[in-house]
Amino acid sequence: MVALAGTTGLTAAIQAEELNIIVCGDEVQPSWTSYFEEWNAANPDYPVVPEVVGWGQCQDKVTTLAAAGSPVDLAYVGSRTLKQLALNDLIVEIPMTEEEKAAYYNYVPETVTFDGTQWGIPVAFSTKALFWNKDLFEEAGLDPETPPKTWEEEIAFAQQIKENTDADGFGLVAKTFDNTMHQFLHWVYTNNGSVIDAEGNITLNSPQVLAALEAIKEITPFSEEGPTAYEQNEVRAIFLDGKLGMVQGAISTGNLATEAGINWGVAPLPLGPDAEGPGTLLITDSLAVFKGTGNEEKAIELAKFMTTPERQWAYEQEAGLTPLRPLPQVDEMVASNPTWQPFIDGIEYGGPEPLFTDYQGLQNVMIEMVQSVVTGQAEPQAALERAAGELEQYK
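About the thresholds
- Residue indices begin from 1 for each chain and proceed along its sequence in written order.
- With pLDDT at 70 or above as the cut-off, local features in this predicted model cover only qualifying residues; side-chain atom pairs require 80 or more to be listed or tallied, and sums for whole chains, interfaces and linings still use all residues.
- Derived side-chain values reflect all non-hydrogen atoms in the structure, with water molecules and hydrogen atoms excluded from consideration.
- Axes here mean lines fitted to C-alpha atoms, for a helix over just the part in contact, with angles spanning 0 to 180 degrees between N-to-C directions.
- Put simply, DSSP H or I for four residues or longer makes a helix, DSSP E for two residues or longer makes a strand, and each gets a number counted from the N terminus.
- Throughout, the term roughly parallel applies to angles under 35 degrees, roughly antiparallel to angles over 145, roughly perpendicular to angles from 65 to 115, and oblique to all others.
- Throughout, a crossing is termed right-handed when the near helix is turned clockwise from the far one, and left-handed when it is turned anticlockwise from it by less than a right angle.
- Two residues form a contact once any of their heavy atoms are found within 4.5 Å.
- The term salt bridge refers to a side-chain nitrogen of Lys or Arg lying within 4 Å of a carboxyl oxygen of Asp or Glu.
- The rule is short: rings of Phe, Tyr and Trp, with Trp giving its six-membered ring, pair when the centres are within 6.5 Å, and they are stacked under 30 degrees, edge-to-face over 60, tilted in between.
- Here the term buried applies to any residue with accessible area under 20% of the maximum for its type, exposed to any over 50%, and partly exposed to those in between, with areas from a 1.4 Å probe on protein chains only.
- The criterion is that NZ of a Lys, or CZ of an Arg, lies within 6 Å of the ring centre and within 35 degrees of the ring normal, and then a charge sits over that ring.

### Looking at the packing of helix 8 (residues 178-189) against helix 16 (residues 359-374)
Logical step 1: Where helix 8 contacts helix 16, the axes come no closer than 8 Å and their chain directions differ by 70 degrees. Between helix 8 and helix 16, the crossing angle belongs to the class labelled roughly perpendicular. With respect to the hand of their crossing, helix 8 and helix 16 are arranged in left-handed fashion. For the pair helix 8 and helix 16, the contacting residues are D178, T180, M181, H182, F184 and L185 in the first and Y359, L362, Q363, M366, I367, M369 and V370 in the second.

Here's what the structure looks like:
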């Protein structure tokens, strides 16, 4: 009987199918740890085995493993990579019902949708707003309680700060880094523009996007010197040092500004002439299920388990993320912390990260376009036409 019991236990251990998940970052969030424990208790034959990989290497490792035929079951990925992964037959579809789609804020399902279906489950959401330094506004002769509402005001305020204080007016991101494209897309989505439509047509070369590029050219002289040397966090550091009048940032910027002793305010991103309402780039990260593991169905079940409304809300609160769904708790959150309001308001007219077959190619084209205008090497119209043509090969 002892021998039989030992054999039975060994057989059960051999039959257990581990679900391997790659988590990007420095650690597994406490909420996810508790979800994994809860899952393991209910699914002892499919225990979760998380692997934490730093942000700089995470996407590359996930893709390399899948391309080599040794995919993980589930991985945290930038939603911008989903189209490329799907076209290379590396991930499986995770279709949403109409009810599931309707439960999210508008455009969130679009961030994971390609070819009419969904290829990931949204798990993290980021929106941006405009932070301003009230003391610098007052020093420059501006009303410290009145942020710019339009691009025209934003440029004028930046100029007034640059000319009347020792600080720069606006934090312009133009380094060879992904958030150069991201910041440009904030301008695009605050003027009713787009990069690619649902049918796969490149829409970059439009009056709305041209106006965005022209606005960047206009605000460049009143931004920090040499913006091609600065990415988002480096520009934010100047703001936290009290040397920058305005900066686009996530909700965490406010917390850091308070710690730095900055007298700050936050408002929706200023609007372009064709805007219909407050906008922002809607960036999501997702859980993608990889093909060829034999555990695809169970991995989808795990992903949906982790992202139920209640569990997702708890994770968002813990990580300081913009909520993915308009739950009743969102109103309570805004009521207790009005700082959140601009980040919620921008969702209605915001837009998703464009999905391309080669996201890196898209990113490089957009960065080159912005840099050529910021450095004066190209005029906005010429830069836009060239970029639109180059994007055809990556759509």
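Back to the text.
### Re the pattern of salt bridges
Side chains that carry opposite charge are capable of pairing whenever their charged atoms lie near each other.
Logical step 1: Overall, the coordinates contain 13 salt bridges when judged by the stated rule.
Logical step 2: R80 is paired through a salt bridge with D178; the nearest N and O atoms lie 3.9 Å apart. Highlighted residues: R80 in the loop between strand 3 (74-78) and helix 4 (82-87) and D178 in helix 8, separated in sequence by 98 residues.
Logical step 3: We note a salt bridge from K298 to E301, for which the minimum N-O separation is 3.3 Å. Taken together, the positions of K298 and E301, both in helix 12 (residues 296-306) and 3 residues apart, correspond to about one turn of that helix.
Logical step 4: Among the ionic contacts, a cluster of salt bridges with common partners joins R80, D178 and E353.

### What about the packing of aromatic side chains?
Geometry of an aromatic ring pair is reported as the spacing of the ring centres plus the angle between the planes.
Logical step 1: Within the structure shown, the criterion is met by 12 aromatic pairs.
Logical step 2: Judged by centre distance (4.9 Å) and plane angle (20 degrees), the rings of W32 and Y315 are stacked. Here W32, found in helix 2 (residues 30-42), pairs with Y315, found in helix 13 (residues 309-319); they are 283 residues apart in sequence, far enough to count as distant. The pair W32 / Y315 is uniform in exposure class, with both members buried.
Logical step 3: Taking 5.6 Å as the distance between ring centres and 75 degrees as the angle between the ring planes, the aromatic pair formed by W55 and Y76 counts as edge-to-face. Residue W55 is located in helix 3 (residues 55-67), and its partner Y76 is located in strand 3; the two are separated by 21 residues in the primary sequence.
Logical step 4: By way of ring pairs, the aromatic residues W32, F36, W55, Y76 and Y315 are connected into one cluster.
Logical step 5: Sitting over the face of the ring of F305, R311 holds its NZ or CZ atom 3.8 Å from the ring centroid.

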